[in-house]
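In case you want the letters, here they are:
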Amino acid sequence: MKTGPEELPPILLSALRFLLVTIPAVFFIPFPKTSPWNLLGVGIFLGVFRFGLLFFAMNANASAGVSSLIFQVQAFFTILLSALLFKEAIERFQLFGLCIALAGFSLLLFSDEGSATSFGLTLLLLAAFFWALSNLIMKRIQGVNLLHFMIWVCLVPPIPLFVLSYFLESQDPLTLIISTNQKTWLSLAFVSYISTLIAFAIWGRLLRSHPAAVVTPFALLIPVVGIIISSIILDEKLQAIEIIGFALIMAGLICNSLYGRLLGLEKPLGKPFRLPKIE
């Protein structure tokens, strides 16, 4: 993701990311056995609104580091919406673990040298909210091949993103694409087939099979892995506050997911927490 935008502007890169997933596979893969509205909803919320709002936020002076971190608020949006709409209970030790992980996540915000305006922050939170909505759609669909589903989902975002790129980035995208080197195409292939197709198909399967409070907190590992890999490959130095944040996130995830097992309990300890009914 850091290599690709060196030659291609980000919205154009995102449009190509989805286009590579869906073309030519969409001509050979049958339409998934689900409502077209589910496919359209994920395509718009995840592919268009999420990425569109991200780039508008970055134009509003939100740094890339802050943007990637704020994005992960989608985990908490997903848990809250799942509790409201699907009546999913949150075990009390899971709630405790989430609070610990959130504390670690918050520390990572202070390690970034960039910033975000209040308008940029609002756009990022909206982008995270739309990602959470796409999570809910993927969570509720049953009996669907999610690889097939993602291939058809990726048919939705390219045209809106190409239009945005034309007006906001370059009126000559073909020249940019033709002049792109092999390194950028390899980066694009990775984010298309690994990060988009395979990763989101696995993500959707996990959401469909488990409560949101179990699955979505693991998204907090995204900035952790990103910062650690950057320190190894790109020689970016880790700060002490980042290491503390990593430790808190891992402790929160262990508490959230493994607490009952570590105690040898068949059922989680404590009564589940449920949101009060709204009358």
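Scroll up for the structure.
Residues numbered from 1 in each chain as written. Predicted model: local features only at pLDDT ≥ 70, side-chain atom pairs only at ≥ 80, totals over all residues. Heavy atoms only, no water.

## A few points about the pattern of salt bridges
Pairing between side chains of opposite charge can happen when their charged atoms approach one another. Stated precisely, the cut-off is as follows: Only one rule defines a salt bridge in this text: a Lys or Arg side-chain nitrogen within 4 Å of an Asp or Glu carboxyl oxygen. Numbering of helices and strands runs from the N terminus; a helix is a DSSP stretch of H or I covering at least four residues, while a strand is a stretch of E covering at least two.
By the definition in use, this model includes 1 salt bridge. E88 is the salt-bridge partner of K139, the closest N and O atoms lying 2.7 Å from each other. With a gap of 51 residues between them, K139 in helix α6 (residues 118-140) and E88 in the loop between α4 (74-85) and β1 (90-91) connect regions that are remote in the sequence.

## Description of a nonpolar patch on the surface
Keep this limit in mind: By definition, no residue in a patch forms a salt bridge, and every one has over 30% relative accessible area; like charges are joined within 9 Å, nonpolar side chains (Val, Leu, Ile, Met, Phe, Trp, Tyr) within 5 Å. Accessible areas in this description were obtained via Shrake-Rupley with a 1.4 Å probe; residue shielding takes into account the shown protein chains only.
Among the surface-exposed residues, L147, F190, Y193, I194, I198, I202 and L206 lie close enough to one another that they form a single nonpolar patch of about 620 Å² accessible area. Looking at the nonpolar patch element by element, the count peaks at 6 residues for helix α10 (residues 182-209). Structurally, I198 can be placed in helix α10.

## What to know about the packing of helix α7 (residues 146-153) against α10
When two helices pack together, their arrangement is given by the angle between their axes and by how far apart the axes lie. As a reminder of what qualifies: All axes here are fitted lines through C-alpha atoms, helices being fitted over the stretch that makes contact, and every angle between N-to-C directions spans 0 to 180 degrees. Every angle not falling under 35 degrees, over 145, or within 65 to 115 is termed oblique; those three ranges are roughly parallel, roughly antiparallel and roughly perpendicular. Crossing handedness is read from the near helix: turned anticlockwise from the far helix by less than a right angle, it gives a left-handed crossing, and turned clockwise, a right-handed one. We call two residues contacting when some pair of their heavy atoms lies within 4.5 Å. Each residue gets one of three labels, nonpolar for Ala, Val, Leu, Ile, Met, Phe, Trp, Tyr, Cys and Pro, charged for Asp, Glu, Lys and Arg, and polar for the others, Gly among them.
Where α7 meets α10, the axes come as close as 9 Å, and the angle between the chain directions of the two elements is 125°. With respect to each other, α7 and α10 are oriented oblique. Crossing handedness for the pair α7 and α10: right-handed. Counted together, L146, L147, M150 and I151 of α7 and T196, L197, I198, F200, A201, G204, R205 and R208 of α10 form the full contact between these two elements. A class-by-class count of the residues in the contact of α7 with α10 yields 8 nonpolar, 2 polar and 2 charged.

## Focus: unusual backbone geometry
To keep it simple, the criterion reads: Partly exposed residues are those whose accessible area sits between 20% and 50% of the maximum for their type, while under 20% is buried and over 50% is exposed, using a 1.4 Å probe and protein chains only.
Across the junction of I23 and P24, the peptide omega takes the value 10°, indicating a cis bond. Structurally, P24 can be placed in the loop between α1 (10-22) and α2 (36-59). Unlike most non-glycine residues, K87 shows phi in positive territory, near 60°. Considering the arrangement of structural elements, one finds K87 in the loop between α4 and β1. Among the residues examined, K87 registers a relative accessible area of 59% and is labelled exposed.

## A look at the environment of L40
In this fold, L40 is placed in helix α2. Spatially, the C-alpha atom of L40 lies 9.0 Å from that of W152, the residues being 112 residues apart in sequence.

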